[in-house]
Amino acid sequence: APRGRILDRNGRVLVDNKVVDVVTLDKAVLEDLGPDERDDLYLRLATAISRSGRLTKLRSIERELNSAEYGPFDVVPIAVDVDPSLLIYLGERPDQFPGVDVVSRTVRTYPFGTLGAHLLGYVGAINLEELKIENSRIDAAESGAKTYQLSDEIGKTGVERTFESALRGVPGVRYLEVNNVGEVVRERSEFSQPPTPGNDLYLTIDIDLQAEAEAQLAASLASVRNPTGIPGEDNILAPAGSVVATDPMTGELLAMASFPTFDPAEFVNGISFAQFEILNDPANYQPILNRAIQENYALGSTFKSFVALAALEKGYLGPES
């Protein structure tokens, strides 16, 4: 099911969904093929996908099909967001690509690019630990249709994680009738259930103020690095920082910026281990870290107002002190 959208306080869409084409393989069909036939199919499929512009190796197809997250009758995604011309190519050659289909699915898209990346967060494939935790929280009598499987996506950080239960939709269900040797006889459509989209989420964030906060933060950090420009003078490091703006009357969060930042779109079709390591590398000042809420810092001068207020209330200071 599509996830709900995320919008700012004025109704501007910060995180949306887009429909992409996905090449899939039906494992039930593969059971009728011999080992050599399957290898030939994988090679033809890898070649076709690669020629369409998305490099795919035969071994990567095998690895995906053999993954423990898929059952014997599952339809397994092989390549996400492929060129639409591939749909025509494969559709014209069903005899060469048995069990292969091109289907539509939704993925996250970010109309404002990297703005608010730390605040919004990102989604990714659920892991075993998350699967156990999430399903243990769900009362099967009430929300059984919303339990997770290993092939599902889940919010990993930010708003995507905090409001996971609201944003996530209810998955659809297919019922397949099989015989005593595991062959699919038919689909029982009378028992099937269509997916239900997740709920939209409105934040108190103002995306214009968020953009200004991020721009001012980056500019301020740059301005304190060797401001005189005198050769040989020690540079000030100033590699990272954060800004938080709230409405003092209501406590509503208006902007939350952290620097350095990252692009949540990199996670849409799965991020490589090497790229994820870069985003978490202390040598790069951990761009994925939200310094506004995930780091500890000395209190600094902003805390003086609280000390002064306590002193006034206890009588240690007077209004004229």
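This text goes with the structure placed above it.
Let us look at the structure shown here. (Residues numbered from 1 in each chain as written. Predicted model: local features only at pLDDT ≥ 70, side-chain atom pairs only at ≥ 80, totals over all residues. Heavy atoms only, no water.)

**Some points on the overall build of the chain**
On a plain count of helices and strands, the chain comes out with 12 helices and 11 strands. Here the C-alpha atoms of the chain give a radius of gyration of 26 Å, more than 25% beyond the 20 Å that 2.2 N^0.38 yields for 321 residues. For the chain, the C-alpha atoms occupy an extent of roughly 90 × 55 × 35 Å along the three principal directions. Taking all 321 residues of the chain together, 31% fall into the buried category. Residue pairs at least 24 apart in sequence account for 68% of intrachain contacts in the chain once pairs closer than 6 positions are excluded. Carbon together with sulfur atoms contributes 53% to the accessible area of the chain, which is approximately 19,100 Å² in total. (Helix = DSSP H or I, 4+ residues; strand = E, 2+ residues; numbered from the N terminus. Rg over C-alpha atoms; globule rule 2.2 N^0.38 Å. Buried < 20%, exposed > 50% of the residue type's maximum accessible area, 1.4 Å probe, protein only. Contact = heavy atoms within 4.5 Å. Areas by Shrake-Rupley, 256 points an atom, 1.4 Å probe, with all protein chains shown as cover.)

**Remarks on the side chain of Thr24**
Within the secondary structure, Thr24 sits in strand β2 (residues 13–26). For Thr24, a relative accessible area of 6% gives the class buried. In contact with Thr24, not counting residues within four places along its chain, are Val75, Val76, Pro77, Ile78, Gly99, Val100, Asp101 and Val103.

**Some points on the packing of aromatic side chains**
Inspection of the entire model under this criterion finds 7 aromatic pairs. Ring centres of Phe267 and Phe276 lie 6.3 Å apart, and the angle between their planes is 90°; this geometry places the pair in the edge-to-face category. Given the relative accessible area of 29%, Phe276 is considered partly exposed. The rings of Tyr122, Phe262, Phe267 and Phe276 are connected pair by pair, giving a single aromatic cluster. Its end group placed over the ring of Tyr148, Arg168 keeps NZ or CZ at 3.8 Å from the ring centre. (Phe/Tyr/Trp six-rings, centres within 6.5 Å; stacked < 30°, edge-to-face > 60°. Lys NZ or Arg CZ within 6 Å of the ring centre and 35° of its normal.)

**A short note on the side chain of Asp206**
Following the sequence through the fold, Asp206 ends up in the loop between β9 (201–202) and α10 (207–223). One polar contact links Asp206 to Arg12, side chain to side chain, over a distance of 3.3 Å. What Asp206 contacts, discounting residues up to four positions off in sequence, is Asp8, Arg9, Asn10, Arg12 and Leu254. (Polar contact = N/O pair within 3.5 Å; in protein donor to acceptor, adjacent residues only side chain to side chain.)

**Re the environment of Ala215**
Mapped onto the secondary structure, Ala215 falls in helix α10. Judged by relative accessible area, which is 43%, Ala215 ranks as partly exposed. The spatial distance from the C-alpha of Ala215 to the C-alpha of Pro197 is 34 Å, given a sequence separation of 18 residues.

**Some details on a negative patch on the surface**
Together, Asp36, Glu37, Asp39 and Asp40 make up a region of like negative charge exposed at the surface. Relative to the helices and strands, Asp36 resides in helix α2 (residues 35–51). In this structure Asp36 comes out as exposed when scored by relative accessible area, which is 58%. (Patch = residues over 30% accessible without salt bridge, like charges linked within 9 Å, V, L, I, M, F, W, Y side chains within 5 Å. Salt bridge = Lys/Arg side-chain N within 4 Å of Asp/Glu carboxyl O. Lys, Arg positive; Asp, Glu negative; His and termini not counted. Charge placed at Lys NZ, Arg CZ, Asp CG, Glu CD.)

**Notes on the nonpolar core**
Counting 23 residues, the largest nonpolar core has Val23, Leu25, Leu45, Ile78 and Leu90 as the members making the most contacts within it. Elements with a minimum of two residues in this core: β2, α2, α3 (58–65), β3 (75–80), α4 (85–91) and β4 (100–109). Element by element, the count of residues in this core is highest for α2, at 6 residues. For Val23, the contacting residues outside a window of four places in its chain are Leu45, Ile49, Val76, Pro77, Ile78, Ala79, Val82, Leu86, Leu90, Val100, Asp101 and Val102. Within the second largest apolar cluster, 18 residues are counted, among which are Val20, Val107, Leu167 and Ile205. (Core = buried A, V, L, I, M, F, W, Y, C linked by side-chain atoms within 4.5 Å.)

**Looking at the packing of α2 against α3**
Running from N to C, α2 and α3 cross one another at 120°; their axes reach a closest spacing of 8 Å. Considered as vectors, α2 and α3 are oriented oblique to each other. The two elements α2 and α3 cross, and the hand of that crossing is right-handed. Mapping the contact onto sequence places Asp39, Tyr42, Leu43, Leu45 and Ala46 in α2 and Leu58, Ile61, Glu62 and Leu65 in α3. (Axes fitted to C-alpha atoms, helices over the stretch in contact; angles between N-to-C directions. Parallel < 35°, antiparallel > 145°, perpendicular 65-115°, else oblique. Left-handed = near helix turned anticlockwise from the far one by under 90°.)

**A look at the pattern of salt bridges**
A complete count under the given rule lists 19 salt bridges for this structure. Its salt-bridge partner being Asp200, residue Arg5 comes within 2.8 Å of it at the nearest N-O pair. Remark: Asp200 occurs in the loop between β8 (184–187) and β9 and Arg5 occurs in the segment before β1 (6–7); sequence separation between them is 195 residues. With a shortest N-O distance of 2.7 Å, Lys156 and Glu130 are connected by a salt bridge. One end of the pair, Lys156, is in the loop between β6 (153–155) and α8 (158–162); the other, Glu130, is in helix α6 (residues 128–137), and 26 residues separate them in sequence. Relative accessible area serves as the criterion here: at 16%, Glu130 is assigned to the buried category. The network of salt bridges with shared partners includes Arg3, Arg108, Glu160 and Glu164.

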